[in-house]
Amino acid sequence: MTTPPRPLCGGSVPGKTALNGVRVFDGRQLSEPRTVVIDGGVIGTDAAGAQLIEASGAVLLPGLIDAHIHLHGRDSLEQLCAYGVTTGLDMATWPPQLLASLRGVSGLTDIRSAGTPAIGRGGPHAKIPGMAETAIVLDPEHARRFVAARVAEGADYIKIVVEAPGEGGPDQPTLDALFAAAHAQGMKAVAHAASHGAYALALEAGADVITHIPLGRPLEATEVSRMASEGRVTVPTLTMMEGVAASRGAANDFAAASQSVAALHRAGVPILAGTDANSQPGVPFQVKHGESLHHELELLVDAGLSTAEALRAATSLPARHFGLMDRGAIEPGLRADLVLLDGDPLADIRATRTIRRIWCGGTEYTPA
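First, a word on scope: everything that follows refers to the structure included in this document. (Residues numbered from 1 in each chain as written. Predicted model: local features only at pLDDT ≥ 70, side-chain atom pairs only at ≥ 80, totals over all residues. Heavy atoms only, no water.)

## Here's the deal with the packing of helix H3 (residues 140-153) against helix H4 (residues 172-184)
Inference 1: With their axes 8 Å apart at the nearest point, H3 and H4 run at an angle of 30 degrees to one another. The pairing of H3 with H4 is recorded here as roughly parallel in orientation. In the packing of H3 onto H4, the handedness of the crossing is right-handed. Across the interface between the two elements, Pro140, Ala143, Arg144, Phe146 and Val147 of H3 pack against Pro173, Thr174, Ala177, Leu178, Ala181 and Ala182 of H4.
Inference 2: A class-by-class count of the residues in the contact of H3 with H4 yields 9 nonpolar, 1 polar and 1 charged. (Axes fitted to C-alpha atoms, helices over the stretch in contact; angles between N-to-C directions. Helix = DSSP H or I, 4+ residues; strand = E, 2+ residues; numbered from the N terminus. Parallel < 35°, antiparallel > 145°, perpendicular 65-115°, else oblique. Left-handed = near helix turned anticlockwise from the far one by under 90°. Contact = heavy atoms within 4.5 Å. Nonpolar A, V, L, I, M, F, W, Y, C, P; charged D, E, K, R; others polar.)

## Thoughts on the side chain of Thr315
Inference 1: As for its placement among the helices and strands, Thr315 is situated in the loop between helix H10 (307-313) and helix H11 (316-321).
Inference 2: The residues contacting Thr315, other than those within four sequence positions of it, are Pro62, Gly63, Leu64, Ile65 and Gly328.

## Details of the pattern of salt bridges
Inference 1: Evaluated as defined, the whole model comprises 16 salt bridges.
Inference 2: The closest approach of N and O atoms between Arg150 and Glu153, which form a salt bridge, is 3.0 Å. Of the two residues, Arg150 and Glu153 are both situated in helix H3; the distance of 3 residues between them amounts to about one turn of the helix.
Inference 3: For the salt bridge of Arg232 with Glu230, the shortest nitrogen-to-oxygen distance reads 2.3 Å.
Inference 4: For Arg232, a relative accessible area of 7% gives the class buried.
Inference 5: Note on Glu230: relative accessible area 39%, which makes it partly exposed.
Inference 6: Beyond isolated ion pairs, a larger network of salt bridges with shared partners links Asp110, Arg112, Asp326 and Arg327. (Salt bridge = Lys/Arg side-chain N within 4 Å of Asp/Glu carboxyl O. Buried < 20%, exposed > 50% of the residue type's maximum accessible area, 1.4 Å probe, protein only.)

## A look at the nonpolar core
Inference 1: Within the largest apolar cluster, 84 residues are counted, with the highest numbers of intra-cluster contacts made by Ile160, Val162, Leu178, Phe179, Tyr199, Ile213 and Leu300.
Inference 2: Not counting residues up to four positions away in its chain, the partners in contact with Phe179 are Ile160, Val162, Ala189, Ala191, Ala205, Gly206 and Ala207. (Core = buried A, V, L, I, M, F, W, Y, C linked by side-chain atoms within 4.5 Å.)

So, in structure tokens, the structure goes:
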């Protein structure tokens, strides 16, 4: 799985295909061998007239969902799709014209996005080359205008970058206003919180989803308990945190992040697989699109999730918590986002890398 992705195969219009003899991951286990029908862009029930593909012994997964990506162009979609990531939850892409060009691209990874993120005037994100000036939020009244503007642009949720006190992010009143405005608009509010101080602020402000997990020392037991009792969701991006720790020459700091994920998992906090995939200059670590999600699954298993739980973290759970009710499982009527594997990922999570074929909205794509 190290070769570069190849282009969309054939460009054929989705038709009817029957995969015969596949063992289907149902969220907990593999089924006995059965037939799954791809009927146009959805999973069908009638195999009559379908092109038959013999797949005896192969494993069929729902298309994978990366719950934290950044988009830079069509290449991002192609790289994601080539590794079986058929849905991407983008956590910051600008300008709006670029984002619009990447929505609804037939046969490629389907996306949802926050659009422009909310950041502080003096934080690290303000120093990213090309960062949108409209991202900087100065005070509570500005926060309300910011959220209204993102809603008007068609954002699917609101992304708010939280920094520890004194590190240049929005202050607590502004954060409170951002999260409150998002909720008033019926929007999910996602917090970037990569440090302990930021995590505490995000919890206090009312984040629905907290992405990243601090390095250096595990989360406090009270924070873990609060995440569980208040129904918060985590996207720990272990791949990114591992890379950041290594880039600082402090690889041992990553152990604490893994321990925090283990504690959140034991407490029953929903854990979603996300990588922070990006090719953005000026960020601490660049994570490869698509390929990195398979590493994320491996890190989640290392942190204590079962293989089935890790697979749910990249399929049904992000679909549920981000309201994507047409995907995340292999059931009639849902999107035909499918990944056919040669190996058994329940026996060894590394088998998600043994991709034989991929369908994105019913259109087949050549695996990397």
